[in-house]
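So you can see what is in the structure, the chains are spelled out below.
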Amino acid sequence: MTAYEPSDAAPGDAYDAVVLAGGAARRLGGADKPGLRVGGRALLDRVLTACAAARTTVVVADPRPTPRPVRWAREDPPGAGPVAALDAGLRHTTADTVVVLSADLPFLETATVRRLLTALRTGGSEGVLLTDADGRDQPLVAAYRASALRRELTALTSAAPISGFTASGSLTGLPLRRLTAALDLTRVPDPVASFDCDTWDDLAIARARIREHGHVLDEWISAVKDELGIDLDVDTGILLDLARDAAHGVARPAAPLTTFLVGYAAAQGKGGPEAVAEAARKAAALALRWADENTPRTGSDAKPETPSDAPGPDAAG
């Protein structure tokens, strides 16, 4: 076992993603677990956002609406277990690196996927997986070398039947540990990103956490961007400062209207975060000038302002 201190991955890392979303959710009473919502977004949608940089994303489950295009696959027979599902998804991938995820990870983020990819790219292991708060392996929050997965899937298919699990030549019913036990793995501790929703209590914990102070604003912005199909990272601090200046210097209703107009102006110019920041700067300056006009002036400060187009004192009368 190798310990690893994660860091961000290089932007050029190419990978495919396989998301397992077809489990029976027995501890949830058979509920549609990938469709359960945390922070207004389906669990599956949250996972798909985290791995949006994948060259190809394969979801092993029955098709459903998703926020971005994916490829669908199904293990044969349906419900045959995680190893069979992984095998079905892997058949649709071509990248040398595959990120394998479950569909019930409410706190998985893009940065976590990048850390896994970096650890795999810079290390010599065959896979990098997260461990949870109790130190247990989470093989469905991991990045693997595709060749190693295919090698072990072939070996399992060729192996003799395992009592209580499968018939000869079948992956049905095999636990994931039968696959990962033969791999050289690196472990990355991350009790937050590895948190999964297996029970109703888990779901309640996840829903409560994102509403905690320090989390709720980021979660809300992410949810809105997903809902509107926006892929844009902006400095929310700039917009919050603008809203404050507009509310205090003009009127409270000016805050949401001004931030809307700033976004609209940036969109019209087809600009990115820089365009939003520049539009926000201009609007903030206007709000401060507006407020300054309402500030009472006394003494020498009470001199009347000269219009910008008025003649100077030396001009002929």
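**Q** Quick one: what's the story with the packing of helix H2 (residues 82–90) against helix H4 (residues 146–158), residue by residue and with numbers?
**A** Close contact between H2 and H4 brings their axes to 11 Å; oriented N to C, the two are set at 130 degrees. If you check the angle between H2 and H4, you find them oblique. The element H2 and its partner H4 pack so that their crossing is left-handed. In this structure, H2 contributes Val 83, Leu 86, Asp 87 and Leu 90 to the contact, and H4 contributes Ala 146, Leu 149, Arg 150, Leu 153 and Leu 156. Residues belonging to the contact of H2 with H4 are distributed by class as follows: seven nonpolar, no polar and two charged.

**Q** So what about the packing of aromatic side chains? Which residues, and what values?
**A** Applying the stated criterion across every chain, the model contains two aromatic pairs. Here Phe 107 and Phe 195 contribute two aromatic rings whose centre-to-centre distance is 5.8 Å and whose plane-to-plane angle is 40 degrees, an arrangement assigned as tilted. Taken together, the positions of Phe 107 in the loop between strand S7 (97–102) and helix H3 (110–122) and Phe 195 in the loop between strand S10 (185–189) and helix H6 (200–209) put the pair 88 residues apart, joining distant regions of the chain. Its relative accessible area of 11% is what places Phe 107 among the buried residues. Over the aromatic face of Phe 107 sits the side chain of Arg 209, whose NZ or CZ is 5.3 Å from the ring centroid.

**Q** So what's going on with helix H7 (residues 216–228)? Which residues, and what values?
**A** Relative to the 18 Å expected for 13 residues at 1.5 Å per residue, H7 spans 18 Å between its end C-alpha atoms, a close match to the ideal helical length. Looking at the buried residues of H7, the elements they touch are strand S4 (41–42) and helix H1 (43–50). Downstream of H7 by a residue or two, Gly 229 has a phi angle that is positive, lying close to 70 degrees.

**Q** Which residues make up the side chain of Thr 93, and what values do they have?
**A** Along the chain, the position of Thr 93 falls in the loop between H2 and S7. Judged by relative accessible area, Thr 93 falls into the buried class, the value being 6%. From its side chain, Thr 93 meets the backbone oxygen of Leu 90 in a polar contact 2.8 Å long. Once residues within four sequence positions are removed from consideration, Thr 93 is found in contact with Asp 16, Val 18, Val 58, Val 98 and Arg 150.

**Q** Can you lay out a nonpolar patch on the surface for me, pointing to particular residues and giving the numbers?
**A** Judged by side-chain polarity, Val 216, Leu 217, Trp 220, Ile 221 and Leu 240 come together as a nonpolar surface patch covering roughly 460 Å² of accessible area. No other element matches the four residues that H7 contributes to the nonpolar patch. Relative to the elements of secondary structure, Leu 217 occurs in helix H7.

**Q** Could you give an account of the pattern of salt bridges, with specific residues and numbers?
**A** Side chains bearing opposite charge may pair, as long as their charged atoms lie close to each other. Using the criterion set out here, one finds 16 salt bridges in the structure. Ionic pairing is found between Arg 74 and Asp 62, a salt bridge with its closest N-O pair at 3.2 Å. Here Arg 74 is found in the loop between strand S6 (71–73) and H2, whereas its partner Asp 62 is found in the loop between strand S5 (57–60) and S6, with 12 residues between them in sequence. Notably, a salt bridge pairs Asp 245 with Arg 244, separated by 3.2 Å at the nearest N-O pair. Judged by relative accessible area, which is 15%, Asp 245 ranks as buried. Among the ionic contacts, a cluster of salt bridges with common partners joins Lys 33, Asp 104 and Asp 198.

**Q** How would you explain the packing of helix H8 (residues 236–249) against helix H9 (residues 254–268) if you had to name every residue and give the values?
**A** Contact pair H8 / H9: the axes reach a minimum separation of 8 Å and the direction vectors enclose 135 degrees. In terms of axis orientation, H8 runs oblique to H9. The handedness of the crossing between H8 and H9 comes out as right-handed. When H8 is examined against H9, the residues Leu 239, Leu 242, Ala 243, Ala 246 and Ala 247 are found in contact with a partner set consisting of Ala 254, Ala 255, Thr 258, Thr 259 and Val 262.

**Q** Got a sec to walk through the nonpolar core? Specific residues and values, please.
**A** With 29 residues, the main nonpolar core has Tyr 15, Val 19, Leu 44, Val 59, Val 99, Leu 101 and Leu 108 as its most contacted residues. Secondary-structure elements contributing two or more residues to this core are strand S2 (16–20), H1, S7, H3, strand S8 (127–131) and strand S9 (137–145). The element contributing the most residues to this core is H3, with five residues. Apart from the residues lying within four places of it in its own chain, the contact partners of Leu 108 are Val 47, Ala 50, Leu 101, Val 141 and Ala 193.

**Q** Got a sec to walk through the side chain of Asp 202? Specific residues and values, please.
**A** The residue Asp 202 is located in helix H6 in this model. Assessed through its relative accessible area of 16%, Asp 202 is described here as buried. Apart from the residues lying within four places of it in its own chain, the contact partners of Asp 202 are Phe 195, Asp 196 and Cys 197.

What counts, and at which threshold
- Residues numbered from 1 in each chain as written.
- Predicted model: local features only at pLDDT ≥ 70, side-chain atom pairs only at ≥ 80, totals over all residues.
- Heavy atoms only, no water.
- Axes fitted to C-alpha atoms, helices over the stretch in contact; angles between N-to-C directions.
- Helix = DSSP H or I, 4+ residues; strand = E, 2+ residues; numbered from the N terminus.
- Parallel < 35°, antiparallel > 145°, perpendicular 65-115°, else oblique.
- Left-handed = near helix turned anticlockwise from the far one by under 90°.
- Contact = heavy atoms within 4.5 Å.
- Nonpolar A, V, L, I, M, F, W, Y, C, P; charged D, E, K, R; others polar.
- Phe/Tyr/Trp six-rings, centres within 6.5 Å; stacked < 30°, edge-to-face > 60°.
- Buried < 20%, exposed > 50% of the residue type's maximum accessible area, 1.4 Å probe, protein only.
- Lys NZ or Arg CZ within 6 Å of the ring centre and 35° of its normal.
- Expected span 1.5 Å × (residues − 1).
- Polar contact = N/O pair within 3.5 Å; in protein donor to acceptor, adjacent residues only side chain to side chain.
- Patch = residues over 30% accessible without salt bridge, like charges linked within 9 Å, V, L, I, M, F, W, Y side chains within 5 Å.
- Areas by Shrake-Rupley, 256 points an atom, 1.4 Å probe, with all protein chains shown as cover.
- Salt bridge = Lys/Arg side-chain N within 4 Å of Asp/Glu carboxyl O.
- Core = buried A, V, L, I, M, F, W, Y, C linked by side-chain atoms within 4.5 Å.

The analysis is restricted to geometry; functional conclusions fall outside its scope.
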